[in-house]
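Read off the chains here:
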Amino acid sequence: MGDDIKFHQQLLVIDENLGTEEVEALKFLCSDLLSFKKLETVESAQDIFQLLMAKDLLNKEDTFILAELLYRIRCHFLLQKLGYTKETVQENLPWKGKVSRYRQMLYELSEDITSEDLKRAMFLLRDQLPKKLTNMSSLELLTCLEKQDHLAENNLEILEKICMDISPDLLKTVNKYKMERVSLAQQESSLPVKETASFSHHIPEGRFHSGGDVGLLTSSQETPIKSLGSNIYDSRSLWEHAGSVHFIAARQDDKAVNVMQGISELSQEQPATKSNPQSKTEKLMTYKMDGPHRGYCLIINNFSFTGTLQKRRGSNKDAEMLAQVFTWLGLDVKTYTDKTSVEIKNLMQEWQSSKDHRERDCFVCCILSHGELGLVYGIDEREVPIRTIMSYFTARQCPQLAEKPKLFFIQACQGKEIQQAVYIEADAQNPDLFPIQQLISPSESIPEEADFLLGMATVGGYASFRHIQHGTWYIQALCNKLQLLVPRGEDILSILTEVNEDVSKRADNLGKKKQMPQPAYTLRKKLIFPVPRSPPPSQQQ
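Quick caveat, the model's predicted, so the values are computed rather than measured. (Residues numbered from 1 in each chain as written. Predicted model: local features only at pLDDT ≥ 70, side-chain atom pairs only at ≥ 80, totals over all residues. Heavy atoms only, no water.)

Participant: Hey, could you run me through the pairing of strand β5 (residues 360-368) in this one?
Facilitator: Side chains on a regular strand alternate between the two faces of the sheet. Where burial is concerned, most of β5 is hidden: nine out of the nine residues are buried. Pairing between strand β3 (residues 293-301) and β5: eight bridges, direction parallel. Paired with G295 across the bridge in β5 is C362. As judged from the six bridges shared by β5 and strand β9 (residues 406-411), these two strands associate in the parallel manner. The residue bridging V364 from the neighbouring strand is L407, located in β9. (Buried < 20%, exposed > 50% of the residue type's maximum accessible area, 1.4 Å probe, protein only. Helix = DSSP H or I, 4+ residues; strand = E, 2+ residues; numbered from the N terminus. Pairing = 2+ DSSP bridges.)

Participant: Whenever I open this one, unusual backbone geometry confuses me. Can you help?
Facilitator: Peptide bonds are, in most cases, trans, and in most cases residues other than glycine have a negative phi. At D56, a residue that is not glycine, the phi angle is positive and equals roughly 60°. The topology assignment puts D56 in the loop between α4 (45-54) and α5 (64-72).

Participant: Please explain the pattern of salt bridges as it appears in this structure.
Facilitator: It is possible for side chains of opposite charge to pair when their charged atoms get near one another. This model, assessed by the stated rule, comprises 17 salt bridges. The partner of E180 in a salt bridge is K176, and the shortest N-O contact between them spans 3.0 Å. Residue E180 and its partner K176 are both found in helix α11 (residues 171-190); the two are separated by four residues, about one turn of the helix. The buried category is assigned to E180, whose relative accessible area is 13%. On the accessibility criterion, K176 (19% relative accessible area) is buried. We note a salt bridge from R524 to D451, for which the minimum N-O separation is 2.8 Å. (Salt bridge = Lys/Arg side-chain N within 4 Å of Asp/Glu carboxyl O.)

Participant: How should the packing of helix α8 (residues 115-124) against helix α10 (residues 157-166) be read in this particular structure?
Facilitator: The relative placement of two packed helices is expressed as an angle between their axes plus a distance between the axes. The interhelical angle for the contact between α8 and α10, taken along N-to-C directions, is 125°, at an axis separation of 10 Å. As judged from the angle between their axes, α8 and α10 are oblique. The hand of the α8/α10 crossing is right-handed. Counted together, D117, R120, A121 and L124 of α8 and I162, D165 and I166 of α10 form the full contact between these two elements. Taken together, the residues of the contact of α8 with α10 sort by class into four nonpolar, no polar and three charged. (Axes fitted to C-alpha atoms, helices over the stretch in contact; angles between N-to-C directions. Parallel < 35°, antiparallel > 145°, perpendicular 65-115°, else oblique. Left-handed = near helix turned anticlockwise from the far one by under 90°. Contact = heavy atoms within 4.5 Å. Nonpolar A, V, L, I, M, F, W, Y, C, P; charged D, E, K, R; others polar.)

Participant: Please explain helix α9 (residues 138-147) as it appears in this structure.
Facilitator: Helical periodicity: at 3.6 residues per turn, an α-helix aligns residues three or four positions apart in one direction. In terms of burial, α9 is a largely internal element, eight of the 10 residues being buried. Among all positions of α9, only S138, L139, L141, L142, T143, C144, L145 and E146 are buried. On its buried face, α9 sits against α2 (20-29), α3 (36-39), α7 (101-112), α8 and α10. D149 occupies a position one or two residues after α9 and carries a positive phi of about 60°.

Participant: Is there a simple way to think about the sheet that holds strand β6 (residues 371-372) in this case?
Facilitator: Strands sit in the order β6-β7-β8 across an open sheet of three strands; the sheet is antiparallel. The sheet terminates laterally at β6 and β8 (383-385), the two strands that pair on one side only. Here β6 pairs with strand β7 (residues 375-377) via two bridges, running antiparallel. Bridged to E372 within β7 is L375.

Participant: Is there a simple way to think about the sheet that holds strand β10 (residues 452-456) in this case?
Facilitator: Paired through their backbone hydrogen bonds, the strands of a sheet run either parallel or antiparallel. On the basis of which strands lie adjacent, the open sheet formed by six strands has the order β4-β3-β5-β9-β10-β14 and mixed pairing. The open sheet terminates on both sides in strands that have one partner only, identified here as β4 (332-337) and β14 (518-521). This sheet shows a mean twist of 10° between the axes of neighbouring strands, independent of strand direction. Each of β3, β4 and β5 touches helix α17 (residues 341-352); the most contacted strand, β3, lies at about 170° to it. Helix α19 (residues 473-485) rests against β5, β9 and β10 of the sheet, and its axis sits at about 140° to β9.

Participant: Looking at this structure, I do not really get the packing of aromatic side chains. What am I missing?
Facilitator: For any pair of aromatic rings, geometry is given as the distance between the ring centres together with the angle between the planes. Under the definition given, this model contains eight aromatic pairs. Ring centres of F408 and F452 lie 6.1 Å apart, and the angle between their planes is 25°; on these two criteria the pair is classed as stacked. Residue F408 is found in strand β9, and its partner F452 is found in strand β10; the two are separated by 44 residues along the sequence. Each of the two residues, F408 as well as F452, counts as buried. Connected via pairs of aromatic rings, a cluster forms that spans F363, F393, F408 and F452. One Lys or Arg, K406, reaches over the ring of F452 and ends 5.2 Å from the middle of that ring. (Phe/Tyr/Trp six-rings, centres within 6.5 Å; stacked < 30°, edge-to-face > 60°. Lys NZ or Arg CZ within 6 Å of the ring centre and 35° of its normal.)

Participant: Looking at this structure, I do not really get the nonpolar core. What am I missing?
Facilitator: As a rule of thumb, nonpolar side chains are buried together in soluble globular proteins. Judged by nonpolar contacts, the single largest core of 64 residues is most densely connected at L18, L70 and L159. The leading source of residues in this core is α5, at seven residues. In contact with L159, other than residues within four places in its own chain, are M105, L106, L109, L142, L151 and V174. Judged by nonpolar contacts, the second largest core, of 40 residues, contains I299, A457, A477 and C479. (Core = buried A, V, L, I, M, F, W, Y, C linked by side-chain atoms within 4.5 Å.)

As far as function goes, none of this settles anything; it's purely spatial.
Here you go:
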C-alpha cells in the first residue's frame, strides 16, 4: 500500500512540473504505444500515465518507460524523482527503450522546424490538411499527416519533399534515420536464423520493426545529431545586421575550437548512481544558487548615438526580453539606457563597490550596443574594452563576488561592414580600419581568474544581426533557450550550446548571411539556475 502511494506521489510531482508543450511532446512520443483515439482525450501528463498503466507499460516496479519519455523531451531534472540519472537512462535505452527510432526522428525533426518553416509547410500542404486546421504545432502537423496516411515509417516521400522545399538541411535528420534503418536491416540479415529468433525475443515489443535504437548497433550511449542548417526568413524589409558575414563553419581558429571543446567537456554531467541521483560529487561541481537573493542583472541598452552611428532599432525589444527572463530567474534587474563610455565605466565602478553582492548568488551584465573587435561603444562613440568592463568584478576588485559566477552577455558587432539594403544596418563604426591580424578572441577579453563567463553574439571579425521589430538573433535565442531549458535542469553552458545551434541555423532572406555566437569562460563548476515556480514569460502572455 505504501509503495502504491509513493508511486502515485511520484507521478503527481512529475505531472505538476510538465507544461503544455511537454505534454504534447509526451503524447507524440507515445503514438506508437497508444492509439490516436485514446491520445486525443489526453489533457494532462496524468492522463498519459493512466493510459500507460492500463497497458501495463508503466507500474511501480518498472518506471523506465516514463524515464525514457522524460529523457527524450530533455526534462532531465525530473529523472531523479524516479531514481534515475541521465546516464543510467542512456545505458538502458538499447535494451529497455520503447520509443521507436522513427518516432524519435520525427520528434527531433519537429524541434528543428522554426515557426517560419511551419507556416511554409502548412501552405505547401494546404490541399492535404483539413480546412478547419489553420494553426497547429509542428508535432500536430506530423500527427495529422500520419492520420491521413501521408506519413509512415515506410512512407517518407511527402515529408522529404516538404523538408526540401522549406529548408533542405532538415533532410539530414531524415537521411540519418534512413541510413540507420539500412544498417539495422543488414545486421538482421547477417544473423543466422536461430540467433535472429533468439535475439528478437529479448527486444521489447515494437522496437525492432520500428528501426530500433542506434545504441543497439553501436554503443550504450546515444549520440543524437541535430541539423545545423539555414532557416530562411521571409520578412524582406525588416533585417539589420552588423558587418561582413562569412560562413562561420569555414573559419574556426584554434582558440575558437578550444572554446567549443571546453563547452563540451564542462557540460558533461558526472555519473551518479541510481539510488543517489544527486551525489556529493555532483553537488560539489555545481555553484551554490540557493541563497536569500539570486543576484543583480544589469542591462545597458545603447539605442541612440550622438555621432555617425545609426540608431539600434529593435534593441529595446532585446532589453525588454532580457529584463523579463532574468526577473523570472529571480534576479533583480536594473536597466540603463543610452550611456556614454564614461558613464558605462562609472556604472561598473558603482556596482563593483556595492555591498549587496554579499548575500547574492551571482552577477549578470548584458550590454547592447555597437562595437568592434574586443570592445563596445558608448553613445558618444568612444570605445570601452570588454576586458575593462569585466575587470571591475575580479575577486580582488570586488571581493563580495569572489568564487561566485559572473556572467556577461555582449550583443555588439565584432567585425567588418558591407553594403546592404536600406534596412540592413551595422553594429560597427569603421571596421575597415581593423586588419585581420588584430582579431581578438573572447578568451582574451576575460580576466585571468576563475568564475567568469562571456557570451558574445558573434566570433571576432564577424557580424551580428538585428531585426528592427523582433530584436537580435542572439539575444532572442538566448532568452528563448533560457525559458525552455532552465525548467529542464540544464546548466548554462549546455544552454549556450543550444543558443549556438539556434543562431547558426538562421539566415537572412537570401540565405547568405550567417552568424555564430561564441562563449568563453573560466567557470569552475556547473551553473544551474533553480527552476522558477512561475511559468516562463513566453507562457504568461
